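Report on the structure
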Amino acid sequence: AAGYGDGMIVLAPFDGRMEIMIHPPGPASGAAVTGLVWNKDGDSLFAAREDGTVLLFTIESVKRSLAYA
């Protein structure tokens, strides 16, 4: 996982599949990602932004959001 200054988070699978770009809601100007950490099972990602927001993404929630895209 990688976080960017505009608040975007990218998940890059190791098995050669295409990267997944996550655009979490936030201020129009973006809020830089300042921290990313996976849980011990590797199925949930916590993201912190400079505006104080903490976000939780699970593999299942990302899969569901992709199914509706």
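Residues numbered from 1 in each chain as written. Predicted model: local features only at pLDDT ≥ 70, side-chain atom pairs only at ≥ 80, totals over all residues. Heavy atoms only, no water.

1. Overview of the overall build of the protein
- Assigned secondary structure in the protein consists of 1 helix and 6 strands.
- Whereas a compact globule of 69 residues would reach a radius of gyration of roughly 11 Å, the protein reaches 12 Å, a difference of no more than 12%.
- The principal-axis extent of the C-alpha atoms belonging to the protein is close to 30 × 30 × 20 Å.
- Burial analysis of the protein (69 residues in total) assigns 26% to the buried set. (Helix = DSSP H or I, 4+ residues; strand = E, 2+ residues; numbered from the N terminus. Rg over C-alpha atoms; globule rule 2.2 N^0.38 Å. Buried < 20%, exposed > 50% of the residue type's maximum accessible area, 1.4 Å probe, protein only.)

2. Some words on the confidence of the model for the protein
- When pLDDT is averaged along the protein, the result is 86; 91% of the residues meet or exceed 70.
- Per-element averaging of pLDDT across the protein places helix α1 (residues 59-68) at the bottom with 80 and strand β4 (residues 33-38) at the top with 96. (pLDDT = per-residue confidence, 0-100.)

3. Description of the pattern of salt bridges
- As enumerated under the stated definition, the model contains 3 salt bridges in all.
- Arg17 is the partner of Asp15 in a salt bridge, and the nearest nitrogen-oxygen pair spans 2.8 Å.
- Asp15 sits in the exposed class, given a relative accessible area of 53%.
- For Arg17, a relative accessible area of 56% puts it in the exposed group.
- Measuring nitrogen to oxygen at the nearest pair gives 3.8 Å for the salt bridge that ties Glu60 to Lys63. Of this pair, Glu60 and Lys63 both sit in helix α1, 3 residues apart, roughly one helical turn.
- On the accessibility criterion, Glu60 (46% relative accessible area) is partly exposed. (Salt bridge = Lys/Arg side-chain N within 4 Å of Asp/Glu carboxyl O.)

4. Notes on the sheet that holds strand β1 (residues 2-3)
- With antiparallel pairing, 3 strands are arranged side by side in an open sheet as β1-β2-β3. Sheet topology places β1 and β3 (20-22) at the edges, where each strand pairs with a single neighbour. (Pairing = 2+ DSSP bridges.)

5. Comments concerning the nonpolar core
- Counting residues in hydrophobic clusters, the biggest one holds 9 residues: Ile9, Leu11, Ile22, Val33, Leu45, Ala47, Leu55, Phe57 and Val62.
- Mapped by element, the contributors of at least two residues to this core are β2 (9-11), β5 (44-49) and β6 (54-58). (Core = buried A, V, L, I, M, F, W, Y, C linked by side-chain atoms within 4.5 Å.)

6. Here we look at the sheet that holds β4
- Here 3 strands make up an open sheet; going across it, the order is β4-β5-β6 and the pairing antiparallel. This sheet does not close on itself; its edge strands, each paired only once, are β4 and β6. The mean angle between the axes of side-by-side strands here comes to 20°, regardless of whether they run parallel or antiparallel.
- Sheet topology note: the β5/β6 ladder contains 5 bridges and is antiparallel. Within β6, the position partnered with Phe46 by the bridge is Leu56. (Axes fitted to C-alpha atoms, helices over the stretch in contact; angles between N-to-C directions.)

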